[in-house]
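Coordinate analysis (summary)
Read off the chains here:
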Amino acid sequence: MDLQEKEPLMKILTSLKEKANELAKHSSLITHHSSLDTRPKPILLKIAPDLTNSQLDDIIEIVTSTKIAGVIATNTTISRADLLTDDNEIKKIGAGGLSGAPLTHRSTEVIRYICDKSNRAFPVIGVGGISSPEDAKAKLDAGASLVQIYTGFIYEGPGLTKQICKALV
């Protein structure tokens, strides 16, 4: 089953949404404390940067019709375009998801496309190639509601979050 395809993804998210609602109802029945939050847990869909615009259009339709909480854009890429490493070396390393700087531009493009095409109908968490305050700002300027850092945190250290916060203030 291809989890990037519309029909299987729609079925999975619909089932997850139903289960989340069921669990929230069950929780509210067994809990009589009004201070506890018994709303369904939010469901976010993390998408690949390798999707076509047509597939991104499908994602927008899926998110709006299933009413999940939003999108995390983007996951790692299978693309090896624009890498400086020799092709033979890349073949030796093998397949797998690539993260970090090679993802920066495409991730921002995906965020911008989704936010513009959906008219910001749902939150988008921007992730992919954030190694500087400028990278984080670019994701936010493209329409991201929040940013998430992985690889940049590893290479730049915990001070990166402070630098980003200072730059955004």
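Residues numbered from 1 in each chain as written. Predicted model: local features only at pLDDT ≥ 70, side-chain atom pairs only at ≥ 80, totals over all residues. Heavy atoms only, no water.

1. Concerning the sheet that holds strand E3 (residues 124-127)
An order of E1-E2-E3-E4 is seen for the four strands of this open sheet, with the pairing classed as parallel. Each edge of the open sheet is held by one strand with a lone partner, namely strand E1 (44-47) and strand E4 (146-148). Sheet twist, expressed as the mean angle between neighbouring strand axes with direction ignored, is 25°. Where strand E2 (residues 70-73) lies against E3, three bridges are found, and the strand directions are parallel. The partner of Val71 across the bridge, within E3, is Val124. (Pairing = 2+ DSSP bridges. Helix = DSSP H or I, 4+ residues; strand = E, 2+ residues; numbered from the N terminus. Axes fitted to C-alpha atoms, helices over the stretch in contact; angles between N-to-C directions.)

2. Side note on the nonpolar core
Within the largest apolar cluster, 26 residues are counted, with the highest numbers of intra-cluster contacts made by Ile47, Ile59, Val71, Ile114 and Val124. Put simply, the parts of the chain that give this core at least two residues each are helix H1 (6-30), E1, helix H2 (53-66), E2 and helix H4 (104-118). With sequence-adjacent residues up to four places away left out, Ile47 is seen in contact with Leu56, Ile59, Val71, Ile72, Ala73, Thr74, Asn75, Val110 and Ile114. (Core = buried A, V, L, I, M, F, W, Y, C linked by side-chain atoms within 4.5 Å. Buried < 20%, exposed > 50% of the residue type's maximum accessible area, 1.4 Å probe, protein only. Contact = heavy atoms within 4.5 Å.)

3. Focus on the pattern of salt bridges
Across all of its chains, the model carries four salt bridges by this definition. Between Glu61 and Lys6 there is a salt bridge, with its nearest N and O atoms 2.8 Å apart. Placement of Glu61 in helix H2 and of Lys6 in helix H1 is noted, with a sequence separation of 55 residues between them. Assessed through its relative accessible area of 40%, Glu61 is described here as partly exposed. Residue Arg106 is joined to Glu109 by a salt bridge in which the shortest nitrogen-to-oxygen separation is 3.2 Å. One end of the pair is Arg106 and the other is Glu109, both in helix H4 and three residues apart, which spans about a single turn. Judged by relative accessible area, Glu109 falls into the partly exposed class, the value being 33%. (Salt bridge = Lys/Arg side-chain N within 4 Å of Asp/Glu carboxyl O.)

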